[in-house]
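Descriptive analysis of the structure
Residue-level listing of the chains:
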Amino acid sequence: MPFGLPGKFSVMLAAILLVAAAGIVLPRLYRVALLGSGYMAQTLCAGVFVSGRPFDALMTEDLDGPGLGLLRYFQPVLDRDGKKASASLHGFATQTSIHREGLGCTLVDGADETALRAQAKGLFTGVELQTMDAEWPEGELVSLGPLPNEVTSPALEQAVNAIFSEPDPAHPRNTRALVVVHGGRIVAERYAPGFDAQMPLIGWSMTKTLTNALVGLRVKYGAIALDDDTLMPEWREEGDPRRAITLNELMRMTSGLEFDESYSNDLSDVAQMLFVQGNAARFAASQPLAHVPGTYWSYSSGTTNIIAGVLRETFATEREYLRFPHEQLFAPLGMRSAVLQPDASGTFIGSSFLYASARDWARLGLLFLRDGLWLGERLLPEGWVAYTLTPTEQAPEDQYGAQVWLKLIESPRLGEPPMPDDAYYMLGYNGQVVAIVPSRDLIIVRLGLTPEGGDWDNARDLAPLVEAFAPRSR
């Protein structure tokens, strides 16, 4: 017998070790199971009730493939009449996501479903969005008309074809939507089969730039300031070092808070926050400091959800907060498809959960390209876009501003010629990108589902399209 232990004692010790191991392993397995059921329920709910896609397409295209192998052991249940989707691991770790008009889909996470539905009842009564689907005001994005003289038509067509091509089926690109805006109007637009100009699609981390705009609106009206601190209830105890974190540091990802943003780890903070935790802002705000605020840059979706929580603190009522994106941003821009989804606590998932059509993502890009102006009206404060595009000192190689990327991270497949120096980007998981190129008066929206290892590279694949447009004359 190992270590010469008496038989009964060794059995007892083995039992103790087994129980201890189970106490460690089983909770971890449960959290992984909750992640799988949460991801499946949320993807199905939003895919069916927000995007309007077929259930079977979602199961085969969005819930199967590289990195999603474990989902084959989960069972979905779609309730079309009840507008909700559930998933479980053979009845274990069940999660349910419910759809509410105007708010999209929310994982219930133990909250009262009736109360959540009552929260949305009549919420958007009186909110008028500009009535334009294909057409934009003042001739902007009116139609696919003749190309301007400075646009090289064959090069544009070739670049668009390449973006939708699949040269290596073993490493798919899966581009779903492409909109190219030049001089304020659409000059190229294409959709994969099963997708169209009206379909809202998830932007993942491109949502962060929307959150930037929402902060700008509250700054404009004096509800909050960039140097405000003591921002979250979790930080207000005397002596809590997190009291020193400012809104500017949150905007620039220099809060110093610990947060694991890895997407390959099922137990990472970002995975658990988005699909297991019912209050994303509180979960992220509860993390300890790893660095002195303002001294270290670390990309964190948790940080953006804290910002969403900070925004909520500036409103007197939950109703005002939930109406805010629609009333103050989506309505003026005519973003009729846009849905920003909250969690079960009622706080927006400002890091990741904006669904919008490719055209509406282009509208958001155009707001930034036009320095925060829309139809001659200043929506974002004067100087806000300049603030957004000021490099964060602590970020490597000046690659990040305030909830926006200023450079594409280099990869082995970096394209030639490179993207223009003045280009900046909304970037999201699975290859979502809105590229804004002021020197070409250009916006490119590419939406898709490129799996890990897929044959898509933003610099390589967007640069030829950009090169079809001559730089603006000064």
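The preceding data block contains the structure.
Within each chain, residues carry numbers counting from 1 in the order of the written sequence. Local features are withheld for residues below a pLDDT of 70 in this predicted model, meaning they are given only at 70 or higher, and side-chain atom pairs are given and counted only at 80 or more; totals for whole chains, interfaces and linings count all residues. Excluding hydrogens and water, the side-chain figures rest on all heavy atoms present in the structure.

1. Quick notes on the packing of aromatic side chains
The cut-off we apply is this: Here is the rule: rings of Phe, Tyr and Trp (six-membered ring for Trp) pair when centre to centre is within 6.5 Å. Planes less than 30 degrees apart are stacked, more than 60 are edge-to-face, and the remainder are tilted. Secondary structure follows DSSP: runs of H or I at least 4 residues long count as helices, runs of E at least 2 residues long count as strands, and numbering of each begins at the N terminus. We call a charge positioned above a ring when the Lys NZ or Arg CZ atom is no farther than 6 Å from the ring centre and deviates by at most 35 degrees from the ring normal.
Following the criterion strictly, the structure yields 16 aromatic pairs and no others. A ring pair is formed by tyrosine 299 and tryptophan 405, whose centres lie 5.3 Å apart and whose planes are at 35 degrees; its orientation type is tilted. Of the two residues, tyrosine 299 is situated in the loop between helix H8 (280-285) and helix H9 (301-313) and tryptophan 405 in the loop between helix H12 (384-388) and strand S12 (424-428); the sequence distance between them amounts to 106 residues. One aromatic cluster is present, built from ring pairs that chain together Tyr39, Trp204, Tyr263, Phe275, Phe353 and Tyr429. Positioned over the ring face of phenylalanine 315 is arginine 218, at 3.9 Å from the centre of the ring. When the ring centre of phenylalanine 324 is taken as reference, the NZ or CZ atom of arginine 218 above it lies at 5.7 Å.

2. A closer look at the sheet that holds strand S6 (residues 185-191)
Applied cut-off: For two strands to be treated as a pair, DSSP must find at least two bridges joining them. Inter-axis angles, ranging from 0 to 180 degrees, are taken between N-to-C directions of lines fitted to C-alpha atoms, where helices are fitted over the stretch in contact. Any two residues whose heavy atoms approach within 4.5 Å at even a single point are treated as in contact.
Reading across the sheet, the five strands line up as S6-S5-S14-S13-S12 and stay open at both edges, with antiparallel pairing between neighbours. For this open sheet the edge positions go to S6 and S12, each flanked by a neighbour on one side alone. Within the sheet, the average angular offset between the axes of one strand and its neighbour, ignoring direction, is 5 degrees. Of the pairings in the sheet, the one linking strand S5 (residues 175-182) to strand S14 (residues 442-448) comprises seven bridges and is antiparallel in character. For valine 179, the partnering residue across the bridge sits in S14 and is valine 445. In the packing of helix H11 (residues 358-369) onto the sheet, the strands contacted are S5, S6, S12, strand S13 (432-437) and S14, and the crossing angle to S14 comes to about 145 degrees.

3. Considerations on the side chain of aspartate 240
What counts is decided by this rule: Burial classification: accessible surface area is computed with a 1.4 Å probe over protein chains only, and a residue below 20% of its type maximum counts as buried, one above 50% as exposed, and the rest as partly exposed. Each polar contact in these results corresponds to two N or O atoms within 3.5 Å; when the atoms are within protein, one needs to be able to donate a hydrogen and the other to accept it, and residues that are neighboring in sequence are counted only if both atoms are side-chain atoms.
On the secondary structure map, aspartate 240 appears in the loop between helix H5 (207-220) and helix H6 (247-251). Of the residues examined, aspartate 240 reaches a relative accessible area of 13% and is grouped as buried. Among the polar contacts made by the side chain of aspartate 240, one reaches the side chain of arginine 242 at a distance of 2.8 Å.

4. Thoughts on unusual backbone geometry
With phi around 50 degrees, threonine 230 is a residue other than glycine that occupies positive phi space. Note that threonine 230 resides in the loop between H5 and H6. At glutamate 397, a position not held by glycine, the phi torsion is positive, near 55 degrees. One can find glutamate 397 in the loop between H12 and S12. Overall, the relative accessible area of 62% leaves glutamate 397 in the exposed class.

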